[in-house]
Amino acid sequence: MTMITNHLPTAELQALDAAHHMHPFTAGNALGAKGARVITRAQGVFLTDSEGNEIIDGMAGLWCVNIGYGRQEMAEVAARQVKELSYYNTFFQTTHVPAIALAAKIAELAPGDLNHVFYACSGSEANDTNIRMVRQYWALKGKPEKHILISRRNGYHGSTMGGGSLGGMKPMHEQGGLPIPGIVHIGQPHWYAEGGDMTPEDFGLLRARELEAKIKELGPETVAAFIGEPIQGAGGVIVPPSTYWPEIQRICDEYGILLIADEVITGFGRTGNWFGSQTFGIRPHIVTIAKGLSSGYAPIGGSIVCDEVAEVIGRDEFNHGYTYSGHPLSAALALENLRILSEEKVVDHVRDVAHPHLAAKWAQLADHPMVGEARLVGLMGSIALSPDKTRRAAFAAEEGTVGLITRERCFANNLVMRHVGDRMIIAPPLVITPAEIDLLIERAWVSLDEAAAKVRAEGLW
Ligand code: PMP
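Reading the values: the criteria
Residues numbered from 1 in each chain as written. Predicted model: local features only at pLDDT ≥ 70, side-chain atom pairs only at ≥ 80, totals over all residues. Helix = DSSP H or I, 4+ residues; strand = E, 2+ residues; numbered from the N terminus. Expected span 1.5 Å × (residues − 1). Buried ≥ 20, exposed ≤ 12 C-beta atoms within 10 Å, placed from the backbone. Contact = placed C-beta atoms within 7 Å. Near = placed C-beta within 6 Å. Nonpolar A, V, L, I, M, F, W, Y, C, P; charged D, E, K, R; others polar. Pairing = 2+ DSSP bridges. Right-handed = clockwise from strand over helix to strand, strands pointing away. Axes fitted to C-alpha atoms, helices over the stretch in contact; angles between N-to-C directions. Core = buried A, V, L, I, M, F, W, Y, C linked by C-beta atoms within 7 Å.

1. Side note on helix α16 (residues 401–412)
Here is step 1: For α16, with 12 residues, the first-to-last C-alpha span of 17 Å sits near the 16 Å given by 1.5 Å per residue.
Here is step 2: Buried within α16 we find V402, G403, I405, T406, R407, R409 and C410.
Here is step 3: Against β12 (380–385), β13 (415–416), β14 (418–420), β15 (423–426) and α17 (434–457) lie the buried residues of α16.
Here is step 4: Looking one or two places after α16, you find N414, whose phi comes out positive at around 60°.

Pasting the structure below:
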């Protein structure tokens, strides 16, 4: 068999990919027929594909490459760690320096008394940990009947049985027997799509109070926790109205429900603070982390746990963990990533430079005839595509048709922008410069113009 390297022609790589590689969240046969785009290298905020195109990555991979691609320091840390301690586990009363150092650093960065870390390898795994941890917490407190977790429709918490069940993604629930028992969903704070004639503030309260109603319906003595993303990411970068999180906080406090903030996307600088909970004034008991923790250089995730929950969980053996919980290579890379974020003041860069620069230009996109609203918090943004912005109207075509057309024009113009239904979303690396933001916006305008022309030509508008 020939060596498979970057030097093979694109068509050959695509044929091998189609023959042997099953892609996540993909209709495999259709992709196989078309051929996947082959990414061969990446530096800073730019990807290079097998045809030599330079693509600006408006999504930081999957919302994770916060420090940008290809950092030399990360390569050096990886080499050093593999030589020193390539693997050891943290089961059976052992530990190692990368796991210790990273947990201490995360505790230093996290707000309040979130001082303890349980490691996983991904956001999904961390949320599976959370399901078991909150139930075990209440069991140890003598309330095993407090076992139900409440989450939101169109929330995203991962793809495992637990994570996919916590998530409120209908197409996921339709496959493979989700959700698992003991997980209940309420409405999302998506004012643009569902708020009708209400003010965003009233709608935010309405949706938050669905939590209160659900707790009363189930009985507070049966509810263990509420979980939510400070800003829904995969659901379309849905920024909740300002009234939403304070009301959720009040309800969790009042009914004695644990609050889990899933910060897999919003953690580590994305919203202009270290954590999205700080941006929205949320005081969670547990925070889910992954992605930006290592900027995607190695798989790692975890749960940051407050003093009280950690103390209770520690009273007995917690029969849970992963072979790679706190993997030394991942932990060392995460630690170096946090050093870079801290020493290069990347979170300040988001807040003081990149966000203001992008915000001005992003808001102007709302002037495009096909754009109904443009939202941006930190470096997490979305635009709603609409045939009639005065009514926040949806296209007559099946939802996602126009979004897909727009995404394809972006891709053709060497810009990665993702679509969720008919919303276009971005989350570029946090180190993006003003000049790179200008390029991103330039390509976004061209792509929107081309997409609008195509939508009209196809009679969809
Ligand atoms: N939670 C949130 C909020 C996410 O955005 C994601 C991934 N997009 C996950 C959990 C799952 O993380 P992973 O893909 O690492 O399992």
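2. Structural notes on the site of the ligand
Here is step 1: The ligand sits among 17 residues. The nearest are S122, G123, S124, G158 and V264.
Here is step 2: Here the shell around the ligand takes three residues from helix α6 (residues 123–140), the largest share from any one element.
Here is step 3: Its residues assigned to classes, the shell around the ligand shows six nonpolar, nine polar and two charged.

3. Considering the pairing of strand β8 (residues 258–262)
Here is step 1: Buried residues dominate β8, accounting for five of its five residues.
Here is step 2: Where strand β7 (residues 223–228) lies against β8, four bridges are found, and the strand directions are parallel. Within β8, the residue paired with I227 across the bridge is I260.
Here is step 3: Handedness of the crossover joining β7 and β8 through helix α11 (residues 244–255) is recorded here as right-handed.

4. Re the sheet that holds strand β2 (residues 46–49)
Here is step 1: With mixed pairing, the four strands of this open sheet are ordered in space as β1-β2-β3-β13. Taken across any chain shown, the strands that pair with only one partner, and hence form the sheet edges, are β1 (39–43) and β13.
Here is step 2: The pairing of β1 with β2 spans four bridges and is antiparallel. Directly across from R41, in β2, lies its bridge partner T48.

5. So, unusual backbone geometry
In most cases, non-glycine residues show a negative phi, while peptide bonds are predominantly trans.
Here is step 1: Here L178 and P179 are connected by a cis peptide whose omega angle stands at -5°.
Here is step 2: With respect to the helices and strands, the residue P179 is situated in the loop between α8 (170–173) and β6 (183–186).
Here is step 3: In this structure, A60 takes a positive phi of about 45° despite not being glycine.
Here is step 4: Position of A60 among the secondary structure elements: in helix α3 (residues 60–63).
Here is step 5: A positive phi is found at S295, a non-glycine position, where the angle reads about 50°.
Here is step 6: Within the secondary structure layout, S295 lies in the loop between β9 (286–289) and β10 (301–306).

6. Brief notes about the environment of V309
Here is step 1: Turning to its location among the elements, V309 is positioned in helix α13 (residues 307–313).
Here is step 2: With 21 C-beta atoms counted inside 10 Å, the residue V309 sits in the buried group.
Here is step 3: Along the primary structure V309 and M133 are separated by 176 residues, whereas in three dimensions their C-alpha atoms are 8.6 Å apart.
Here is step 4: Ignoring anything within four residues of it in the chain, the contact list for V309 reads Y137, H285 and I286.

7. A look at the sheet that holds strand β11 (residues 371–377)
Here is step 1: In space, the four strands of this open sheet follow the order β11-β12-β15-β14, with antiparallel pairing throughout. Both edges of this open sheet fall to β11 and β14, since each of them pairs with a single strand only. When strand polarity is set aside, the average angle formed by the axes of neighbouring strands in this sheet is 20°.
Here is step 2: Note: β12 against β15, four bridges, orientation antiparallel. In the sheet register, A384 faces β15, and the bridge partner there is R423.
Here is step 3: Against the sheet, helix α15 (residues 346–364) engages β11 and β12, with an angle of about 170° to β11.

8. Some words on the nonpolar core
Here is step 1: One finds V134, L149, A225, F226 and I304 to be the most contacted residues of the largest nonpolar core, which totals 127 residues.
Here is step 2: Look past the residues within four positions of L149 in its chain and what remains in contact with it is I131, V134, L166, G182, I183, A224, A225 and I227.

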